[in-house]
Amino acid sequence: EAGVAQSPRYKIIEKRQSVAFWCNPISGHATLYWYQQILGQGPKLLIQFQNNGVVDDSQLPKDRFSAERLKGVDSTLKIQPAKLEDSAVYLCASSFRVPETQYFGPGTRLLVL
Amino acid sequence: AQSVTQLGSHVSVSEGALVLLRCNYSSSVPPYLFWYVQYPNQGLQLLLKYTSAAALVKGINGFEAEFKKSETSFHLTKPSAHMSDAAEYFCAVSEASGTYKYIFGTGTRLKVLA
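Now for a look at the structure at hand.

**Structural notes on the packing of aromatic side chains**
In this structure the tally under the stated criterion is 18 aromatic pairs over all chains. With 5.3 Å between their ring centres and 80 degrees between their planes, F104(A) and Y36(B) make a pair best called edge-to-face. One end of the pair, F104(A), is in strand β10 (residues 103-104); the other, Y36(B), is in strand β5 (residues 32-38), on a second chain. For the pair F90(B) and F104(B), a centre-to-centre distance of 6.5 Å together with 85 degrees between the ring planes defines the contact as edge-to-face. Here the residue F90(B) occupies a position in strand β10 (residues 87-94), and F104(B) occupies one in strand β11 (residues 102-104), the gap between them amounting to 14 residues. A residue is classified by how much of its surface remains accessible, and F104(B), at 10% relative accessible area, is buried.

Have a look at this one:
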C-alpha cells in the first residue's frame, strides 16, 4: 500500500514570496491533515479535512495560509506571503476516518530567507 | 483542553540498556494515546497506540507503553536499546470525541551510545 506522498521535499524562498505544497493521501482515506512542525517542537495541526470539507482550521493563520481539497483526494497548502517564522516542516497525514490512526508523509521542509 | 508533557528533551542510553521515555497527559476523560517515532528527514511513524483496550500496549521494534490513569502517564519503554533506535519520539493524545484532534508533545531525542 502506497503511503502519503508529499512534494516538494525541500523549498527555499524569500520572505513575502508565495509557496505551495501538495499532498496525496493514502487511497481511500477520507480524512486529511496538515501540520506545521517548527524545529524543536511537536507537530501542530493547521487544518483537518473530512472528504473535501474543513472540520477544523482553528490554528490556520488565515491571513496568509490557505488550503483546499477540491475532489476529496489530494490537497494543496499555500502560504502567501511567507514570513521568516513560517520556516518549518509541513507534514501531511491521512486516516481512513476519525478516530483511526493517522499516517504521515515525509514532509516538506520550508526555509524562508 | 488536552495537553501533553514529555519530560526530557534529550535522553542518552547505552546500547543494550533500558529505554524509558516519559509522557504525561492532562485529561479528565481517558483519551486515545500514541507514540510516534521520527527519523531524520522523515515523517512520523506510529510505534503504538492506546485505545482503552489493554493498559499495556505492545508496538513495533520491541517498544511498549503502559497507560496509567491514576498517574495520567503513558511512558514508552524498551528493554534493550539498539543503535537503530536513535531518533526523535513524540507522544500524542487524541481527544476522545469531536474531531479527535491530535495534540503532540515537544518530543524527546533519543541518543544511543555504543
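**Quick word on the state of the cysteines**
Residues and elements named next belong to chain A. Counted by the stated rule, this structure contains 2 disulfides over all chains. Note on cysteine connectivity: C23 is disulfide-linked to C92, with sulfurs 1.9 Å apart. Every disulfide takes its handedness from the sign of the S-S torsion; for C23 and C92 that torsion is -70 degrees, giving left-handed. One end of the pair, C23, is in strand β3 (residues 19-24); the other, C92, is in strand β9 (residues 88-95), with 69 residues separating them in the sequence. The pair formed by C23 and C92 is uniform in burial state, with each residue classed as buried.

**Some points on the side chain of H29(A)**
All names here are of chain A. As for its placement among the helices and strands, H29 is situated in the loop between β3 and β4 (31-37). You can call H29 buried: its relative accessible area is 10%. When near neighbours in sequence (up to four residues on either side) are disregarded, H29 contacts R69, S94, S95, F96 and Y103.

**Here we look at the layout of surface pockets**
Taken as a whole, the largest pocket spans an internal volume of roughly 500 Å³. In terms of lining residues, the largest pocket is bounded by 28 residues, among which Q37(A), L39(A), G40(A), V89(A) and R109(A) are the most central. Of all elements in the fold, only β9 and β11 (108-112) of chain A together with β10 of chain B reach the threshold of two or more residues within the lining of the largest pocket. With 4 residues, the top contributor of residues to the lining of the largest pocket is β11(A). Residues of the lining of the largest pocket, tallied by class, amount to 11 nonpolar, 13 polar and 4 charged. A volume near 190 Å³ is recorded for the second largest pocket. Considering the residues around the second largest pocket, the lining is formed by 13 residues, among which Y103(A), F104(A), G105(A), L44(B) and Q45(B) are closest to the centre.

**Section: the interface of chain A and chain B**
Facing the 24 residues of chain A at the interface are 17 residues of chain B. When the two sides are added together, the surface that chain A and chain B hide from each other amounts to roughly 1600 Å², 53% of it contributed by carbon and sulfur. It is P99(A), T101(A) and F104(A) that lose the most area in chain A upon contact with chain B, and together they represent 28% of the buried surface on that side. Summed over the shared surface of chain A and chain B, the number is 1 salt bridge. A salt bridge links D56(A) to K101(B); the nearest nitrogen and oxygen atoms lie 3.8 Å apart. Across the contact surface, chain A and chain B share 6 residue pairs in polar contact (both at pLDDT 80 or more). In terms of residue class, the side of chain A that touches chain B is built from 10 nonpolar, 10 polar and 4 charged.

**Focus on the pairing of strand β6 (residues 53-56) of chain A**
Sheet topology note: the strand β5 (residues 44-50) of chain A/β6(A) ladder contains 3 bridges and is antiparallel. From the neighbouring strand, Q50(A) faces β6(A), where its bridge partner is G53(A).

**Observations regarding unusual backbone geometry**
Residues and elements named next belong to chain A. Look at the link from S7 to P8: it is a cis peptide, with omega at -10 degrees. Mapping P8 onto the fold places it in the loop between β1 (5-7) and β2 (10-13). Cis rather than trans, the peptide bond between Q80 and P81 has omega equal to -5 degrees. For P81, the position within the fold is in the loop between β8 (75-79) and β9. You will see that R16, though not glycine, has its phi angle at about 80 degrees, which is positive. Residue placement: R16 occurs in the loop between β2 and β3.

Rules used in this analysis
- Residues numbered from 1 in each chain as written.
- Chains lettered and ligands numbered in written order.
- Predicted model: local features only at pLDDT ≥ 70, side-chain atom pairs only at ≥ 80, totals over all residues.
- Heavy atoms only, no water.
- Phe/Tyr/Trp six-rings, centres within 6.5 Å; stacked < 30°, edge-to-face > 60°.
- Helix = DSSP H or I, 4+ residues; strand = E, 2+ residues; numbered from the N terminus.
- Buried < 20%, exposed > 50% of the residue type's maximum accessible area, 1.4 Å probe, protein only.
- Disulfide = S-S within 2.5 Å.
- Contact = heavy atoms within 4.5 Å.
- 1 Å grid on protein atoms, 1.4 Å probe; cavity = no way out; pocket = protein on both sides within 12 Å on 5 of 7 lines; lining within 4 Å.
- Points joined across faces, edges and corners; volume = space filled by probe spheres on them.
- Nonpolar A, V, L, I, M, F, W, Y, C, P; charged D, E, K, R; others polar.
- Buried area = accessible area lost by both parts, 1.4 Å probe.
- Salt bridge = Lys/Arg side-chain N within 4 Å of Asp/Glu carboxyl O.
- Polar contact = N/O pair within 3.5 Å; in protein donor to acceptor, adjacent residues only side chain to side chain.
- Pairing = 2+ DSSP bridges.

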